[in-house]
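# Architecture and fold: a report
Spelled out, the chains give:
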Amino acid sequence: MTEDAKAAKERYKSTVQLPQTDFPMKAGLNEREPALQKQWAESDLYGRIRADRKGARPWVLHDGPPYANGDAHTGTGMNKILKDMVVKLRTMQGFDSPYVPGWDCHGLPIEHNVLKELGGKKPEEMTSVKLRELCLDYANGYVNKQRGQFKTTGTLGRWEKPYLTTNPVYEANVLRVFRDLYHKGYITRAKRPVHWSWAAQSALAEAELEYEDRTDPSIYVLMKATGPVAGVENVSLLIWTTTPWTMPANRAVAVAKDAEYALLEYTQAGKTARMVVAEELREDIVARAKLENVKVLKHLKGAELAGVKYSQPLWGFECPVVFADYVTLGDGTGLVHTAPGHGKEDFETGKREGIPAVCPVSPTGQYYSGDRLREELELPAGFKDEHGWFGFIEGKLIWKVNDGIVSKLREHGLLLHSEPFPHSYPHCWRTHTPVIFRVTEQWFVNIDHVEQGESRTLRQRILDEIKQVQWFPAWGEKRISAMVENRPDWCISRQRFWGIPIPAFYDVESGETCIDTETVDHVIGLVTQHGSNVWYDDANWPVEKLLPDAVRPDKFKGRKLAKMDDIFDVWFESGASHRAVMLADDELKDKFPANLYLEGDDQHRGWFQVSLILSVATQGKSPFKQCLTSAFVVDEKGEKGSKSKGNIWAIDQGVRDLGADLIRLYFASVNTSEPIPVTYDLIRGAGDNYRKLRNTWRTLVANLFDFTPEQHALAYSELRPLDQWVLSRAAALIEEVTACWERYEFHHAMRALVQFCTVELSAQYIDVSKDALYCEAKEGPARRRIQTVYWHVATLLVKLMAPVTVHTAEEMWQYLPKLESEPDSVHLAAWPKLDDTLRAMPELDKRYKLLFRLKAESDRVLDRLRKEKVIGKGYDANVTLGCNAALMTELAQHGTPEQLQAELPELLNVSKLLLDAQSDHGALQEFEPATDVQGLWVKVVASAEQACVRCFRRTGDVGSVKEHAFLCARCAEVVEA
RNA sequence: GCGCCGGUAGCUCAGCUGGUUAGAGCACACGCCUGAUAAGCGUGAGGUCGGCGGUUCGAGUCCGCCCCGGCGCACCA
């Protein structure tokens, strides 16, 4: 370039419309996000959203309450972010979509931690009320902490007035659910075997069990028959168990009536003996116990064992053989050790056969001592402990005697074989200790109860309701149905104090339980006013005051009553949230059932199920219409996050280090139905997408610096096909993103969004439209129509991003030239939808698909010439597209050769373009065959023309206007005007 | 043990009801631009679509078996 040309270039620079914007390229999230959040708080954005949508169709996501203990970590943080995304979407779609967060504040972990702070147990002088106050303080402390942590993610909601399960009104509503269940006959108090956590000293519900691996002794015990078996004397019944500690409670051996059994004679360690085992398992047992000289004396059906009695291996008294249909021949011996006090089925069998369910184990998992042990074992009168078992077990923790029992059985010649047995075993979810079965008196919700006026059991009604719910992912329906089909009655009582009391009394003399709907209602009244502490405040609320004669059933009037001291399972409390929140909160009560419950997929077993049970039983329907679950967050190794592993971090720390929008974008970009790896590096990886979105958008808005939509936007009809094509692609994007959101496939929506930015915008439209945008007349239509498209696209992109990158979208919104009618916050704006401008144009889609394929072929050749240093930028080149007849015919569908020739230079970013249909291109050396387009040859030559100093193109007419020697005709005209 | 989900380029994932040489983004390599510039554009390399067998004119896509990973269930006595 000559000196003159350089000077000219500088002179004309001011006539070029270069992009201008203050919208920063760098996100600076950790400064901007808190500032925006402050702004939202000060302008009460959430309140304004609520006011703005008042009266609109409701759409409610009902929040599942996280537990008020510990930090809000990545998992709970993700859950809140996903919820916020959905609520923001629904709000933009015009729904009235309040978000009322809640916390689960009662329960064992808090109780534990408070006791720990007190040195392990409640000080003698401390009242229960005082202790409960400490628990409440503890819970409230974590509510405040977690609230602050959640808010850093940019989540909007009624944070200042959340629902808490400790709120007296909430507590009263839990009791109302109980009252209704009681009234309808769903509640039973009964002695049954329940899962028992000896570490927590409480019964556990199914939802509170976690299966963990554990190795127990697997033992084969010989139960000596007291008489002949099928005519043969001195026969033992071989049983198998992995819980040797239950042997003291053994009261029967169960067999399958129809199964085939074998009566064997065998030699082991030089001694010969006889026993009965299932024929199918005989060889397995012989091999395991290394038996020799095995002879099958007889085959017999289980039924033939009727009437056989054996000597209890520890205590020596006679116990029966019984039949049971759960006896299987999969493993063991086919003869089942039955201890009705330690197993659900054993209990049922015992009940049927009139065998006592003895349970010599205390709440702490120790055998009772002394007389108590004797009593609990229900030993016969005059019993003598000849072998010293009594002293051996008494007072000991059951897990500590497992091995001792094994060796002692061996000493007595009762053990055929033992080996270690690894298996998964239910553990207490809070203390992570193995649970046991204990027979205790508990309160239950009867799942198979049929209430008056109904023909179906509650279980069946829940299953029917499950079918009415939309499950995301769809397999959730199968999973929860299977769980409901198989679940036992729900044990809702716990023997702790930090919770809502089960409002029942008993007659001190007779022991009879005193409860009816009136007494419960009375307590509900007191709890509403004073909170559940009334139950524990003996000084101010003695039983006479708690339940005055006036409200007692007649038979209890004037009697001495005492309070029962069970509390509700915390799942009962959270499961009642539909009643305590959805049906009771001023803002929500006319919006039941909720549109969506959204939690981790562990809640199929937990909150979803208990909510369904309680809502179907009391309201007759599911408390939610849709149910969305996400998988768990894991670390880079795919391991579940846990504090002890140190692979989990508090969400607010992540926000400070990485930025809320980046974390939100990450969670929106991954498939949340599969385990979600969460590490700083992975989230930083989402920064690629973030920057792409941000920069692409920045370019759009930087070219709108002189654009006011009301004044400058052109009508659809004034746009060129290329412009209309972008709008058509944008319309497709809106449809796809919206469809993905409706299916809650956030990551598919984000993919579409990023792809649109990188392909249609960045690589295609923006790249192609630069010349017109920069060099055409500032006010002319060639520039304004591109700005019109930019404006439409920039607007819809901000909106489509708004539920995810809530801060960035808001920041963008402030820089976007908007219609006067748009609100000041993007979160108050309307979700984009198709209209006369944003509309699908299939013909144009087809046209540009073809033309961009031609561009790709041209680019390939241009690239080669660049590497050969023949040309630099595209404007240095002239391109000839040699097309055969078939290709010309295809092209003709999209315009005349003249039209295409006029449009293609811009599209291909070259100075000149020729369509040549005449020659036999294959025979011409200067033409290069295309690789992906049939019938196309490409010829590229360096242009010999002078470049225009203003637009860089080599159009061949530079200097045609005398006054502007360095300009092409187009630029000269623009500059003149 | 039973059931569910997944196994596609180095990474994250698309591939609808089976149909031209399997796609995108990122990362990588090479080049261009320097008027999106701590940006942008182009080109390229990279995949036996977990394995084996089957159905079919044709399979990543359907069927069967197996392997790996994850999750759930439980009458594991």
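Everything below is about the structure shown above.
Note that residues are indexed from 1 along each chain, following the sequence as it is written. Just so you know, chain letters begin at A and ligand numbers begin at 1, following the order they were written in. Residues qualify for local features only when their pLDDT is at least 70, as the model is predicted, and side-chain atom pairs are given and counted only at 80 or more; totals for whole chains, interfaces and linings, by contrast, use all residues. Note that the side-chain values use all heavy atoms of the structure and ignore hydrogens as well as water.

### Here we look at helix α12 (residues 398-411)
The end-to-end C-alpha separation of α12 is 20 Å, in line with the 20 Å expected for 14 residues at 1.5 Å each. One fitted axis covers the seven residues ending at a residue, a second covers the seven starting there, and the bend at that residue is the angle between these axes. Numbering of helices and strands runs from the N terminus, with a helix taken as a DSSP run of H or I at least four residues long and a strand as a DSSP run of E at least two residues long. Along α12, the helix axis deviates most sharply at Gly404, where the bend reaches about 25 degrees. Buried residues of α12: Ile398, Trp399, Val401, Asn402, Gly404, Ile405, Val406, Lys408 and Leu409, and no others. In what follows, residue pairs with any heavy atoms lying within 4.5 Å of each other are defined as contacts. Contacts made by the buried residues of α12 are with β5 (209-224), α11 (389-393), β14 (415-428) and β15 (436-445). Looking one or two places after α12, you find Gly413, whose phi comes out positive at around 70 degrees. Each helix should span, by expectation, one fewer than its residue count multiplied by 1.5 Å. Accessible area is worked out with a 1.4 Å probe on protein chains only. A residue is then buried under 20% of its type maximum, exposed over 50%, and partly exposed in between.

### Some thoughts on the packing of helix α4 (residues 74-92) against helix α21 (residues 660-669)
The interhelical angle for the contact between α4 and α21, taken along N-to-C directions, is 80 degrees, at an axis separation of 10 Å. Comparing the axis directions of α4 and α21 gives the class roughly perpendicular. The residues of α21 that touch α4, namely those facing Thr74, Met78, Ile81, Leu82, Asp84, Met85 and Lys88, are Ile663, Arg664, Phe667 and Ala668. Class assignment of the residues belonging to the contact of α4 with α21 gives a composition of seven nonpolar, one polar and three charged. Note on method: axes are straight lines fitted to C-alpha atoms, helices fitted across the in-contact stretch only, with angles between N-to-C directions ranging 0 to 180 degrees. By definition in this entry, angles of less than 35 degrees are roughly parallel, angles greater than 145 are roughly antiparallel, angles of 65 to 115 are roughly perpendicular, and the rest are oblique. For this scheme, ten residues count as nonpolar: Ala, Val, Leu, Ile, Met, Phe, Trp, Tyr, Cys and Pro. Four count as charged, namely Asp, Glu, Lys and Arg, and the remainder, Gly too, count as polar.

### With respect to the protein's contact with RNA strand B
The environment of RNA strand B is formed by 54 residues, the closest being Thr242, Thr699, Arg751, Gln755 and Lys869. We call a residue near a molecule or strand when any one of its heavy atoms sits within 4 Å of it. Of all atoms in RNA strand B that approach within 4 Å of the protein, 68% are sugar or phosphate atoms. Interatomic distance of 2.8 Å between a side-chain N/O atom of Lys13 and a base nitrogen of RNA strand B. Ser762 places a side-chain nitrogen or oxygen 2.5 Å from a phosphate oxygen of RNA strand B. Breaking the surface near RNA strand B down by element, the ones donating at least two residues are α1 (3-13), β6 (235-241), β13 (335-338), β14, α14 (475-486), α22 (680-702), α25 (746-775) and α28 (842-867). The element contributing the most residues to the surface near RNA strand B is α25, with 12 residues. Counted as a polar contact is a pair of N or O atoms within 3.5 Å, where, for protein atoms, one must be capable of donating a hydrogen and the other of accepting one, and residues adjacent in sequence contribute only when both atoms are in side chains.

### Some details on unusual backbone geometry
Each neighbour pair has its own omega, and for Phe472 with Pro473 the value is -10 degrees, a cis peptide bond. Its place among the elements puts Pro473 in the loop between β16 (470-472) and α14. Following Phe592, the chain continues into Pro593 via a peptide bond in cis, with omega recorded as -5 degrees. By the secondary structure assignment, Pro593 is in the loop between α18 (577-582) and β23 (594-600). Located in the positive-phi region is Phe952, a residue other than glycine, with phi close to 70 degrees. With respect to the element layout, Phe952 can be found in the loop between β30 (936-942) and α31 (969-976).

### Looking at the environment of Pro426
Along the chain, Pro426 falls in strand β14. Here Pro426 falls in the buried class, since its relative accessible area comes to 12%. Sequence separation between Pro426 and Lys122 is 304 residues, and the spatial gap between their C-alpha atoms is 29 Å. Beyond its immediate chain neighbours, meaning those up to four positions away, Pro426 contacts His195, Leu209, Glu210, Tyr211, Pro434 and Val435.

### Focus: the sheet that holds strand β21 (residues 561-563)
Taken together, three strands build an open sheet; the order of strands is β20-β19-β21 and the sheet is antiparallel. Both outer strands of the open sheet, β20 (513-514) and β21, are each paired with one neighbouring strand and no more. At least two bridges found by DSSP between two strands is the condition for calling them paired. As defined by bridge partners, strand β19 (residues 505-507) adjoins β20 across two bridges and the pair is classed as antiparallel. Looking at β20, one finds that Tyr506 is bridged to Thr513.

### Things to note about the pairing of β30
Bridge count between strand β27 (residues 877-883) and β30: seven bridges; the pairing is antiparallel. Within β30, the position partnered with Val879 by the bridge is Val940. Where strand β29 (residues 928-929) and β30 come together, two bridges link them in antiparallel fashion. Considered in β30, the bridge of Glu928 is made with Val938. Connecting the antiparallel pair β29 and β30 is a turn made up of six residues, with Gly935 showing a positive phi of about 80 degrees.

### Some words on the pattern of salt bridges
Side chains that differ in sign of charge can pair as their charged atoms come close. Note on definitions: salt bridges are taken to be side-chain nitrogens of Lys or Arg within 4 Å of carboxyl oxygens of Asp or Glu. Scanning the model with the defined rule gives 72 salt bridges in all. Between Arg288 and Glu419 there is a salt bridge, and its shortest N-O distance comes to 2.8 Å. One end of the pair, Arg288, is in helix α8 (residues 282-288); the other, Glu419, is in strand β14, with 131 residues separating them in the sequence. Judged by its relative accessible area of 23%, Glu419 is partly exposed. Lys799 serves as the salt-bridge partner of Glu822, at 3.2 Å between the closest nitrogen and oxygen. Taken as a pair, Glu822 in the loop between α27 (806-815) and α28 and Lys799 in helix α26 (residues 781-801) lie far apart in primary sequence, 23 residues in all. For Lys799, a relative accessible area of 9% gives the class buried. Members of the salt-bridge network, linked through shared partners, are Arg50, Asp96, Arg158, Asp585, Glu587, Asp590 and Lys591.

### Concerning the sheet that holds β30
Taken together, four strands build an open sheet; the order of strands is β28-β27-β30-β29 and the sheet is mixed. Only two strands of the sheet have a single partner each, and these edge strands are β28 (912-916) and β29. Taken strand by strand, helix α30 (residues 897-908) contacts β27 and β28, and its axis lies near 140 degrees from that of β28.

### Looking at the packing of aromatic side chains
Aromatic contacts are taken between Phe, Tyr and Trp rings whose centres are within 6.5 Å, Trp giving its six-membered ring; a plane angle under 30 degrees counts as stacked, one over 60 as edge-to-face, and the others as tilted. Taken as a whole and assessed by the stated rule, the structure comprises 35 aromatic pairs. With centroids separated by 4.4 Å and ring planes inclined at 40 degrees, the aromatic side chains of Tyr597 and Phe624 adopt a geometry described as tilted. Of this pair, Tyr597 sits in strand β23 while Phe624 is found in strand β24 (residues 624-630), placing the two residues 27 residues apart along the sequence. Note on accessibility: Tyr597 and Phe624 belong to one class, buried. Among the aromatic side chains, those forming a connected cluster through ring pairs are Phe178, Tyr182, Trp443, Trp490, Phe568 and Phe572. The ring of Phe150 is capped by Lys80, whose NZ or CZ atom sits 4.6 Å from the centre of that ring. In this scheme, the term charge over a ring applies when either NZ of a lysine or CZ of an arginine sits within 6 Å of the ring centre and within 35 degrees of the ring normal.

### A few points about helix α20 (residues 651-658)
The set of residues buried in α20 consists of Ile651, Asp652, Gly654, Val655 and Leu658. Taken end-on, α20 shows its buried residues confined to a sector of 155 degrees, consistent with a single buried face. Against the buried residues of α20 lie α2 (29-42), α4, α6 (128-151), α21 and α22. Here, the arc refers to the directions that run from the helix axis to the C-beta atoms.

### Brief notes about the packing of helix α24 (residues 721-742) against α28
In the contact formed by α24 and α28, the axes pass within 9 Å of each other and the chain directions differ by 110 degrees. As judged from the angle between their axes, α24 and α28 are roughly perpendicular. Residue-level inspection shows Pro721, Leu722, Gln724, Trp725, Ser728 and Arg729 of α24 in contact with α28, the latter providing Leu844, Asp845, Arg847, Tyr848 and Phe852. Across the contact of α24 with α28, the residue classes tally to six nonpolar, two polar and three charged.

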